[in-house]
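Chain by chain, the residues:
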Amino acid sequence: MGKTVLASKFTEWRGLDRVSQVVHAMNCIFRELSKDDFGLDGEIEVVRPKPGGIGFETTGGIIKVQAKAGARYVVSDTPASFASPVEKADLQYWQSCTFPVLYVVYHPADDKLYFREVKEYLHATPNVFQAPHRVTFDKARDEFAASARTAVHGHARVSPPRITFDVQERLISNLLPVTKLPKFLYFAPTRRKDAQGIRREIDGFVPPFTVTEGKLYTLSNLFDPTCVLRKWCGTKVRKMLASEWLADDRRVPEWVYLLNQLLGKHAGRCGLRYSPDFGRNYFPRQNDADTEFKRAWVSVRTGKTAPARIVAKRYEYGRHRFWRHLAAELAYRHFGPSWFLQVTPKYFFTEDGTKPWDSDLVGPYSTSQKANEHNPQVMNHVLFWADVLAQGEDKVRMKLDGRTLLVADKMPACGVGAFGIPDDPAEYEEKDEEPPGLFSNVSDDEDEEDDEDD
């Protein structure tokens, strides 16, 4: 008569098979222990991609595994969590181990594996050695799947690779491609030598303009008799193609000066304020009653509404009282024929929501905030500012005299790398899609009509 094999053994083996499959999906090694385990069923050895991208290398990081499978190891089950009964002696044994131990449970109703690192669990759980002895699991946080690779690396005290060649990654810049530039410049002779003098004499809106070599140049239509700049111009008004102006490299700084004025007008319409001393646009305090202001936005990368951002808030730390504002340095950059609006996220600190705070005091608070921001946070800063400048529309459109003169994409220029950062949200999956390129020629093909001949 043959020996009896308990049905529970098959359940146990299926659980170990699932553990092995998940570990292999992490590109790590799983070994079952061949002798009586006394509280341990196997071990994981962490491996990582070789720097050259060919094959993997061992790291020496070892984690022991105790696996359980079946309904009798699942109690207090809810959609969000459950507990697994254990022996007190096992808890004590795992606590004494000199290596990390993963307690892995196969949940048959969920058809999923869940895990906790026991030493970490014991340290974080009050009265853990009092009956009933259990290990609790959060189903959203503790699923044992390939996506838990980084956590497993951490428990093995092995740093995950900085890059991997298993995935591609969308490399997102802080440059918004300009797809349309002003087509014409208007100019006329002027007796004035100082643009600032003219600007001081204008009461109200000042169109972008500059004075050079005895002529006033502007993006505003000087043929319009209501144009405020006509007062300082001679009667011989002309216009020229902006491309002719840009053909002379010496004119590029003046062109950027005009574009920056256009940008300043647009930023004001977006509810921003500009600090000339610090060269950045920021969200001002909006009233005298509230101490915190938020702004809703939509990420162009995901197409979804993102959590509202705090754009201005009052803080108190001991003797220090100040306002911290979200801010950005905005500047135009050009590479050959391609133009971009560069967005550099910053912070701005004020005493009362308006007056800049003491620069000597700002440093520690600014550094502390930025220390908590990594690639995903900086990327979302850029995407947030793109949505602000687009005023919730599909593109950034800057207007003057009712005409759309400049258009920029909300999606920053990007490329696709042949490598990626493991578990990074910018991982590129659209293999058959051509991503937006870094360089593209400015086009005049836009819905809004440009200047017409006058």
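Just so it is clear, the structure is predicted and the values come from calculations on it, not from any experiment.

A word on the sheet that holds strand S2 (residues 42-49)
The strand order across the open sheet built from five strands is S1-S2-S3-S5-S6, with neighbouring strands paired in mixed fashion. At either end of the open sheet lies a strand with only one pairing partner, and these are strand S1 (29-32) and strand S6 (112-117). Between one strand axis and the next, the sheet turns through 30° on average, direction left out of account. Pairing of strand S3 (residues 56-69) with strand S5 (residues 101-107) involves six bridges; the strand directions are parallel.

Details of the side chain of His320
Along the chain, His320 falls in strand S18 (residues 320-335). What makes His320 buried here is its relative accessible area of 19%. At 2.9 Å, the side chain of His320 and the side chain of Tyr365 are in polar contact. With residues near it in sequence (within four places) discarded, His320 still touches Tyr315, Trp357, Leu361 and Tyr365.

Digging into the nonpolar core
Membership of the largest hydrophobic core comes to 54 residues, with the highest contact counts inside it found for Trp255, Trp339 and Trp385. Look past the residues within four positions of Trp255 in its chain and what remains in contact with it is Leu181, Pro182, Leu185, Leu219, Ala242, Trp245, Leu246 and Trp339.

Structural notes on helix H9 (residues 375-390)
Between its terminal C-alpha atoms H9 stretches 23 Å, which fits the 22 Å expected from 16 residues at 1.5 Å a residue. A positive backbone phi angle near 55° is found at Gln391, which sits one or two residues after H9.

Topic: the packing of aromatic side chains
Counted under the stated rule, the structure contains 25 aromatic pairs. Between Phe82 and Tyr114, the ring centres sit 5.3 Å apart and the planes meet at 65°, which makes this aromatic pair edge-to-face. On the criterion of sequence distance, the pair formed by Phe82 in strand S4 (residues 81-85) and Tyr114 in strand S6 is long-range, its members being 32 residues apart. Measuring from ring centre to ring centre gives 6.0 Å for Phe283 and Phe384, while their planes differ by 45°; the resulting arrangement is tilted. Here Phe283 is found in the loop between strand S15 (280-282) and strand S16 (292-298), whereas its partner Phe384 is found in helix H9, with 101 residues between them in sequence. According to the relative accessible area criterion, Phe283 is buried, its value standing at 3%. Phe384 gets classed as buried once you look at its relative accessible area, which sits at 0%. Members of the aromatic cluster, each reached through a chain of ring pairs, are Tyr315, Tyr317, Phe322, Phe349, Trp357 and Tyr365.

Calculation criteria
Residues numbered from 1 in each chain as written. Predicted model: local features only at pLDDT ≥ 70, side-chain atom pairs only at ≥ 80, totals over all residues. Heavy atoms only, no water. Pairing = 2+ DSSP bridges. Helix = DSSP H or I, 4+ residues; strand = E, 2+ residues; numbered from the N terminus. Axes fitted to C-alpha atoms, helices over the stretch in contact; angles between N-to-C directions. Buried < 20%, exposed > 50% of the residue type's maximum accessible area, 1.4 Å probe, protein only. Polar contact = N/O pair within 3.5 Å; in protein donor to acceptor, adjacent residues only side chain to side chain. Contact = heavy atoms within 4.5 Å. Core = buried A, V, L, I, M, F, W, Y, C linked by side-chain atoms within 4.5 Å. Expected span 1.5 Å × (residues − 1). Phe/Tyr/Trp six-rings, centres within 6.5 Å; stacked < 30°, edge-to-face > 60°.

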